[in-house]
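# Structural overview for review
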Protein chains: 2
Amino acid sequence: MRISELSDATGVPVATLKYYLREGLLPSGRAVNARSADYDDVHVERVRLIRALVESAGLPLADVRKVTAALDDPPDTWHELLGHAQYALPATQPDTGAGSTAAARELVDSLGWRVGDEAPALRDLGSALAAAASAGLELPAEDLAAFAAAMHDVARVDLAGVPTGSPAAALRRVVLGTVLVDPLLLALRRLAQEDVSSRGAGRIAGGT
Amino acid sequence: MRISELSDATGVPVATLKYYLREGLLPSGRAVNARSADYDDVHVERVRLIRALVESAGLPLADVRKVTAALDDPPDTWHELLGHAQYALPATQPDTGAGSTAAARELVDSLGWRVGDEAPALRDLGSALAAAASAGLELPAEDLAAFAAAMHDVARVDLAGVPTGSPAAALRRVVLGTVLVDPLLLALRRLAQEDVSSRGAGRIAGGT
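Let me begin by describing the structure that accompanies this report.

The rules behind these values
- Residues numbered from 1 in each chain as written.
- Chains lettered and ligands numbered in written order.
- Predicted model: local features only at pLDDT ≥ 70, side-chain atom pairs only at ≥ 80, totals over all residues.
- Heavy atoms only, no water.
- Helix = DSSP H or I, 4+ residues; strand = E, 2+ residues; numbered from the N terminus.
- Rg over C-alpha atoms; globule rule 2.2 N^0.38 Å.
- Core = buried A, V, L, I, M, F, W, Y, C linked by side-chain atoms within 4.5 Å.
- Buried < 20%, exposed > 50% of the residue type's maximum accessible area, 1.4 Å probe, protein only.
- Contact = heavy atoms within 4.5 Å.
- Buried area = accessible area lost by both parts, 1.4 Å probe.
- Salt bridge = Lys/Arg side-chain N within 4 Å of Asp/Glu carboxyl O.
- Polar contact = N/O pair within 3.5 Å; in protein donor to acceptor, adjacent residues only side chain to side chain.
- 1 Å grid on protein atoms, 1.4 Å probe; cavity = no way out; pocket = protein on both sides within 12 Å on 5 of 7 lines; lining within 4 Å.
- Points joined across faces, edges and corners; volume = space filled by probe spheres on them.
- Nonpolar A, V, L, I, M, F, W, Y, C, P; charged D, E, K, R; others polar.
- Least-squares fit on C-alpha atoms with pLDDT ≥ 70 in both.
- Phe/Tyr/Trp six-rings, centres within 6.5 Å; stacked < 30°, edge-to-face > 60°.
- Axes fitted to C-alpha atoms, helices over the stretch in contact; angles between N-to-C directions.
- Parallel < 35°, antiparallel > 145°, perpendicular 65-115°, else oblique.
- Expected span 1.5 Å × (residues − 1).
- Arc of directions from axis to C-beta.
- Left-handed = near helix turned anticlockwise from the far one by under 90°.

### A few points about the overall build of chain A
What chain A contains, in helices and strands, is 10 helices and two strands. Going residue by residue from the N terminus, the α and β elements of chain A occur as α-α-β-β-α-α-α-α-α-α-α-α. A compact globule built from 208 residues should have a C-alpha radius of gyration of about 17 Å, whereas chain A, at 22 Å, is more than 25% larger. Taken along its principal axes, the extent of the C-alpha atoms in chain A is 85 × 35 × 30 Å.

### Details of the nonpolar core
With 134 residues, the main nonpolar core has L125 and F147 of chain A together with L125 and F147 of chain B as its most contacted residues. When near neighbours in sequence (up to four residues on either side) are disregarded, L125 of chain A contacts A104, L107 and V108 of chain A together with L184, A187, L188 and L191 of chain B.

### A look at the interface of chain B and chain A
Contacts between chain B and chain A engage 84 residues on the former and 84 residues on the latter. Here chain B and chain A share an interface that buries about 8,200 Å² over both sides, 66% of which is from carbon and sulfur atoms. Summed over the shared surface of chain B and chain A, the result is six salt bridges. Taking the shortest distance from any N to any O, the salt bridge between D182 of chain B and R189 of chain A comes out at 2.8 Å. Inspection of the region where chain B meets chain A yields 36 residue pairs in polar contact (both at pLDDT 80 or more). Secondary-structure elements contributing two or more residues to the side of chain B that touches chain A are α3 (41-56), α5 (78-88), α6 (101-111), α7 (120-134), α8 (141-160), α9 (167-179) and α10 (181-200) of chain B. Top contributing element to the side of chain B that touches chain A by residue count: α10 of chain B, with 19 residues.

### Brief notes about the pattern of salt bridges
According to the stated counting rule, one finds 26 salt bridges over all chains in the structure shown. Salt-bridge contacts for R105 of chain A lead to D117 of chain A; the nearest nitrogen and oxygen are separated by 2.6 Å. Of this pair, R105 of chain A sits in helix α6 (residues 101-111) while D117 of chain A is found in the loop between α6 and α7 (120-134), placing the two residues 12 residues apart along the sequence. By relative accessible area, R105 of chain A is classed as buried at 18%. According to the relative accessible area criterion, D117 of chain A is exposed, its value standing at 62%. Each member of the salt-bridge network shares a partner with another, and the members are D158 and D182 of chain A together with R189 and R190 of chain B.

### Overview of the layout of surface pockets
Roughly 450 Å³ of volume is contained in the largest pocket. Forming the boundary of the largest pocket are 23 residues, of which V179, D182 and P183 of chain A together with T92 and Q93 of chain B lie nearest the centre. For the lining of the largest pocket, the secondary-structure elements that each account for two or more residues are α10 (181-200) of chain A together with α7 and α10 of chain B. Classifying every residue of the lining of the largest pocket by side-chain character gives 13 nonpolar, seven polar and three charged.

### Let's talk about the relation of the copies chain B and chain A
The transformation that overlays chain B on chain A combines an axial shift of 0.0 Å with a rotation of 180°, and the residual RMSD is 0.0 Å. Seen this way, the second copy is the image of the first under a two-fold rotation axis. Residue A150 of chain B, judged by its C-alpha, is the member of chain B lying nearest the rotation axis, at 2.4 Å. A shared binding surface is used by both copies, with 100% of the interface residues of chain B retained as interface residues in chain A.

### What about the packing of aromatic side chains?
Residue and element names in this part refer to chain B. Scanning the entire structure with this criterion turns up two aromatic pairs over all chains. Consider the rings of Y19 and Y20, whose centres lie 6.3 Å apart with planes at 45°: the pair is tilted. On the basis of relative accessibility, which here comes to 33%, the residue Y19 falls in the partly exposed class.

### Here's the deal with the packing of helix α5 (residues 78-88) of chain A against α10 of chain B
Two elements in contact, α5 of chain A and α10 of chain B, have axes whose closest approach is 10 Å; the angle formed by their N-to-C orientations is 170°. The angle between α5 of chain A and α10 of chain B falls in the class roughly antiparallel. Residues H79, L82, Q86 and Y87 of chain A of α5 of chain A form the contact with α10 of chain B, whose participating residues are R190, Q193, E194, S197 and S198 of chain B. Tallied by class, the residues present in the contact of α5 of chain A with α10 of chain B amount to two nonpolar, five polar and two charged.

### So, helix α4 (residues 61-72) of chain A
All names here are of chain A. The end-to-end C-alpha distance of α4, which contains 12 residues, comes to 16 Å, matching closely the 16 Å that a straight helix rising 1.5 Å per residue would cover. Along α4, the residues that are buried comprise V64, V67, T68, A70 and L71. The arc that holds every buried residue of α4, seen down its axis, measures 145°, which confines them to one face. Of the surrounding elements, those touching the buried residues of α4 are α3 (41-56), α5 and α9 (167-179).

### Some words on the packing of α3 of chain B against helix α4 (residues 61-72) of chain B
Residue and element names in this part refer to chain B. Two elements in contact, α3 and α4, have axes whose closest approach is 10 Å; the angle formed by their N-to-C orientations is 150°. Taken together, the axes of α3 and α4 lie roughly antiparallel to each other. For the pair α3 and α4, the sense of crossing is right-handed. Mapping the contact onto sequence places R46, L49, I50, L53 and V54 in α3 and L61, V64, V67, T68, L71 and D72 in α4.

This is a description of form; function is not addressed.
Here it is as structure tokens:
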């Protein structure tokens with residue numbers, strides 16, 4: 001297809017597509033003549049991935065480039081490929097410097113999870129544990145284990161939804177499935193709290 | 001205890017405590033004489049709740065006042081009381097105006113959850129569903145049901161952790177347990193994804 005058709009297929013303006021080509025985010029099409037090139041479904045999937053990274057995940061172009069570079073020089077396994085997308089995503093927690101990954105590592109090891117030391121979410125988890133401790137919120141080990149089990153259930157659904165045909169489509173699914181489902185999970189958590197509370201809570205006795 | 005002791009017990013400066021008194025967030029102490037008043041554990045719990053609302057949840061004072069007002073004129077049941085804290089928390093999702101609570105209501109009803117129509121998380125859930133649809137992220141009903149079941153597991157742990165002695169301490173736990181555990185859950189989700197991916201994913205065959 002021509003670049004105008006690539007624009008139609010993706011909903012991205014031709015000028016933006018040319019910008020992606022110049023920046024090396026989108027591979028060149030097959031040259032047809034001096035003035036035009038031919039694009040295919042690989043380009044369509046790549047553009048959709050770039051849009052997901054820019055629009056939904058809010059990544060700066062430098063981070064988008066890290067993800068597309070993994071497609072240009074793909075690793076051996078799907079696991080490594082998906083990691084390139086997940087590790088590029090924004091942190092879930094502001095890094096206050098108070099957290100340590102040691103506590104996070106300890107928790108992850110106690111769960112028997114296989115997680116690399118360089119996982120950005122280890123730092124996020126460390127910061128979250130430190131913020132809870134600093135505010136005086138007690139989180140017993142059995143509560144943390146229950147939270148982890150629930151999120152492992154979520155992760156199994158997440159991974160089952162990743163298509164295995166096109167690497168670009170797989171990365172796009174990881175990105176969208178992570179950043180767009182995060183707020184959905186948090187909303188469901190609040191609604192579930194209301195449901196649980198409505199079934200269990202009694203009358204208030206005594207003062208405030 | 002005197003106001004200086006209330007300050008020591010809570011780590012909040014006397015000037016800030018006096019500000020809370022003037023703003024009506026903190027009830028007056030029992031007058032001892034024209035210049036001083038006596039404070040007790042109810043005041044300690046109230047100050048801790050106010051700090052949690054301001055520091056951890058980042059609420060403006062007007063919203064803090066709505067929560068403390070529920071303590072000054074408590075409802076009949078714990079369920080209603082806890083709702084005053086949860087409903088005051090910041091939205092989990094920017095309101096783009098694109099979402100509708102109808103889709104959220106339908107999902108919650110299909111789960112059999114007891115949730116009031118005025119629950120702010122219904123709007124958050126509607127926005128999240130609309131954002132996913134708009135980005136082309138397909139979320140089959142069985143995936144949504146699995147996410148909901150996982151968050152219901154989380155919510156049961158959340159509610160079990162709420163103390164039933166002091167209403168102020170209960171509200172503080174709801175606030176801290178919700179806003180500080182949110183990022184912890186999202187970090188665990190990413191780490192669980194890595195674990196699941198490491199166990200299931202094979203080699204990449206074919207092009208990008």
